[in-house]
Amino acid sequence: MSLLSILEFPDPRLRTLAKPVESFDDALQQLIDDMFETMYEAPGIGLAATQVDQHIQLIVMDISEEKDQPLVFINPEVEVLDDELESYDEGCLSVPGYYESVTRARNIKVTAQDRHGEKFEMTDNGMLAICIQHEIDHLSGKLFVDYLSPLKRNRIRSKLEKAHKKQNR
Ligand code: NI
């Protein structure tokens, strides 16, 4: 396994629309393993393929305390079950160091395929619901900062740009 590098806002590659996964081959299994290693190392609770510059509909996640419940969502679709909303302070491995409140649907059903292509379904009204909506946004080129005011988003953008320039010196 190997660690992958994570794209950071405002990298334009984070805006790429991910394509559906069609082949559940060895290369996909390798990418899934590498994404888990990268996510656990970061550490984070979710990672979309978009964030490691692989533009396919693949998400890995582990919201457990013990980090022993890995979840894979391939070609995921979310159905919002009612109009109840929930706000949560979200962070993102592509926006390191920033946490801001985002409001999302509370009750959702997700339909996806696992790493072998088997279809499954989950309903949730907690952390998983928030996290899967955040990760699915990545697959359509969207980031949690897009929900913030332009002022807040631009402030985060310029601070990260400054940090990136320092790193590249
Ligand atoms: Ni994220």
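Anything mentioned here points back to the structure above.
This text gives an overview of the structure that appears in the document. Position numbers for residues start from 1 in each chain and track the written sequence from start to end. With the structure being a predicted model, the display of local features is reserved for residues of pLDDT at least 70 and the display and counting of side-chain atom pairs for 80 or more, all residues being used for whole-chain, interface and lining totals. Excluded from the side-chain calculation are hydrogens and water; included are all heavy atoms of the structure.

## A word on the nonpolar core
Let me state the cut-off plainly: Nonpolar cores were defined as sets of buried Ala, Val, Leu, Ile, Met, Phe, Trp, Tyr and Cys residues, with membership established by side-chain atoms within 4.5 Å. Any residue under 20% of the maximum accessible area for its type is buried, any over 50% is exposed, and the rest in between are partly exposed; the area is computed with a 1.4 Å probe on protein chains only. Counting from the N terminus, the helices are DSSP H or I runs at least four residues long and the strands are E runs at least two residues long.
Residues Ile32, Met35, Leu47, Leu58, Val60 and Ile74 are the most contacted members of the largest nonpolar core, which totals 15 residues. Of all the secondary structure elements, the ones that give two or more residues to this core are helix H1 (26-41), strand E2 (58-61) and strand E3 (71-80). With six residues, H1 is the largest single contributor of residues to this core. With 14 residues, the next largest nonpolar core counts Met61, Ala105, Val110 and Ile136 among its residues.

## Observations regarding the coordination of the nickel ion
Test applied: The rule for donors is simple: an N, O or S atom within 2.8 Å of the metal counts, and for Na, K and Ca the reach is 3.2 Å. Water is not among the atoms, so a site may look short of donors.
Within the protein, the atoms that donate to the nickel ion are Cys92 (SG), His134 (NE2) and His138 (NE2), at distances of 2.1 to 2.3 Å. In the primary structure, the donors to the nickel ion are separated according to the pattern C-x41-H-x3-H. Of this pair, cysteine 92 sits in the loop between strand E4 (85-90) and strand E5 (100-105) while histidine 134 sits in helix H2 (residues 127-139), and the two are 42 residues apart along the sequence. Here cysteine 92 matches histidine 134 in class, with each residue buried.

## Re unusual backbone geometry
Across the junction of phenylalanine 9 and proline 10, the peptide omega takes the value 5°, indicating a cis bond. In this fold, proline 10 is placed in the segment before H1. One non-glycine residue, asparagine 75, lies in positive phi territory at about 50°. Summarising the element assignment, asparagine 75 is placed in strand E3. Judged by relative accessible area, which is 15%, asparagine 75 ranks as buried.

## Some remarks on the pattern of salt bridges
Selection criterion: Whenever a carboxyl oxygen of Asp or Glu lies within 4 Å of a side-chain nitrogen of Lys or Arg, that contact is scored as a salt bridge.
This structure, assessed with the given rule, holds 10 salt bridges. Among the ionic pairs, arginine 104 bridges to glutamate 90, the shortest N-O distance being 2.7 Å. Taken as a pair, arginine 104 in strand E5 and glutamate 90 in strand E4 lie far apart in primary sequence, 14 residues in all. Here arginine 104 matches glutamate 90 in class, with each residue buried.

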